[in-house]
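Residue strings, one per chain:
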Amino acid sequence: MEIIRYLHLNPVRAGMVSDPRGYRWSSHEAYVRGKTTNGIAVEEGLKLWGGQRGQAINAYQQFIRDGLGSGHQEEYYEVKDQRYLGDDNFVEAVCRKVDEQEPAGPVKITMEEILTEIAKEAGKAVKVLLGKGRGRVESRLRAEAGYVGREVGGISLTVAAKYLGRDLSTMSLALKRLEEELAADSVRRMQMERLCIRLRQGRRRKYQSNKA
């Protein structure tokens, strides 16, 4: 309801018209008439104001009048993942309905959580992997952390390298070697995929917020 009103009052706030009905390219007039035109789902929208058409139209018009003095509202321009507008709970509810049809996106997870899980599986202490040692096993596990960070959390290699205390070129080479190994070894590849799936479970999707 708030978004419909905000959109229909945009021309008024911009000083183009004094009454939203004066802006011919708005769907406001269709709402006032209560009739669908040009594919606009007016009937569906009006149901927000009541089940009876006449009552809903009157309530809608009053709702519009009540908002005539409102100014710019920044929160209506903050979208997530370039398509969702709302708080995290709303976005999560919407995504549950469509995620089955889309590739898995990044989830909210930290490098600390990733490294802790990888160290646990390998029987290593986290402080060892964060240390200065350059052993082959430790290097491989750090590469795995960078790989999982990217695949599960959308974490850049720059961020992963900084957390692990390694320079970007070293991490980049290690990750390239790991990807070559995974491509050649189906068993290891399946192990990494299972780890990624496990770390995704129960975590919220991560969305990039931007201005609409």
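Structural data are supplied above this passage.
Let us look at the structure shown here.

Definitions and cut-offs
- Residues numbered from 1 in each chain as written.
- Predicted model: local features only at pLDDT ≥ 70, side-chain atom pairs only at ≥ 80, totals over all residues.
- Heavy atoms only, no water.
- Helix = DSSP H or I, 4+ residues; strand = E, 2+ residues; numbered from the N terminus.
- Buried < 20%, exposed > 50% of the residue type's maximum accessible area, 1.4 Å probe, protein only.
- Areas by Shrake-Rupley, 256 points an atom, 1.4 Å probe, with all protein chains shown as cover.
- Axes fitted to C-alpha atoms, helices over the stretch in contact; angles between N-to-C directions.
- Parallel < 35°, antiparallel > 145°, perpendicular 65-115°, else oblique.
- Left-handed = near helix turned anticlockwise from the far one by under 90°.
- Contact = heavy atoms within 4.5 Å.
- Nonpolar A, V, L, I, M, F, W, Y, C, P; charged D, E, K, R; others polar.
- Core = buried A, V, L, I, M, F, W, Y, C linked by side-chain atoms within 4.5 Å.

1. Observations concerning the overall build of the chain
Scanning the chain for helices and strands turns up 12 helices and two strands. Of the regular secondary structure in the chain, the N- to C-terminal order runs α-α-α-α-α-β-α-α-α-α-α-α-α-β. Counting every position in the chain, which comprises 212 residues, the buried fraction comes to 35%. Carbon and sulfur atoms form 52% of the exposed surface of the chain, whose accessible area is close to 13100 Å².

2. Things to note about the packing of helix 9 (residues 136-153) against helix 12 (residues 186-200)
The relative placement of two packed helices comes down to the angle between their axes together with the axis-to-axis distance. Relative orientation of the contacting elements helix 9 and helix 12 amounts to 55°, with a least axis distance of 10 Å. Classified by the interaxial angle, the pair formed by helix 9 and helix 12 is oblique. Helix 9 and helix 12 meet at a crossing whose hand is right-handed. Here Arg 140, Glu 144, Tyr 147, Val 148, Glu 151 and Val 152 of helix 9 come into contact with helix 12, specifically with Arg 188, Met 192, Leu 195, Cys 196, Leu 199 and Arg 200. Looking at the contact of helix 9 with helix 12 residue by residue, the classes come out as seven nonpolar, no polar and five charged.

3. What to know about the nonpolar core
In terms of nonpolar packing, the biggest core is built from 27 residues, with Ile 114, Tyr 147 and Val 148 touching the most fellow members. Only helix 7 (111-122), helix 9, helix 10 (157-164), helix 11 (168-184) and helix 12 provide two or more residues apiece to this core. The element that contributes the greatest number of residues to this core is helix 9, accounting for six residues. Tyr 147 has contacts with Leu 175, Leu 178, Glu 179, Leu 182, Met 192 and Cys 196, leaving out every residue within four places of it along the chain. Core analysis: the second largest hydrophobic core is formed by 15 residues, Ala 30, Val 32, Val 42 and Tyr 60 among them.

Limitation: the analysis is restricted to geometry and does not speak to function.
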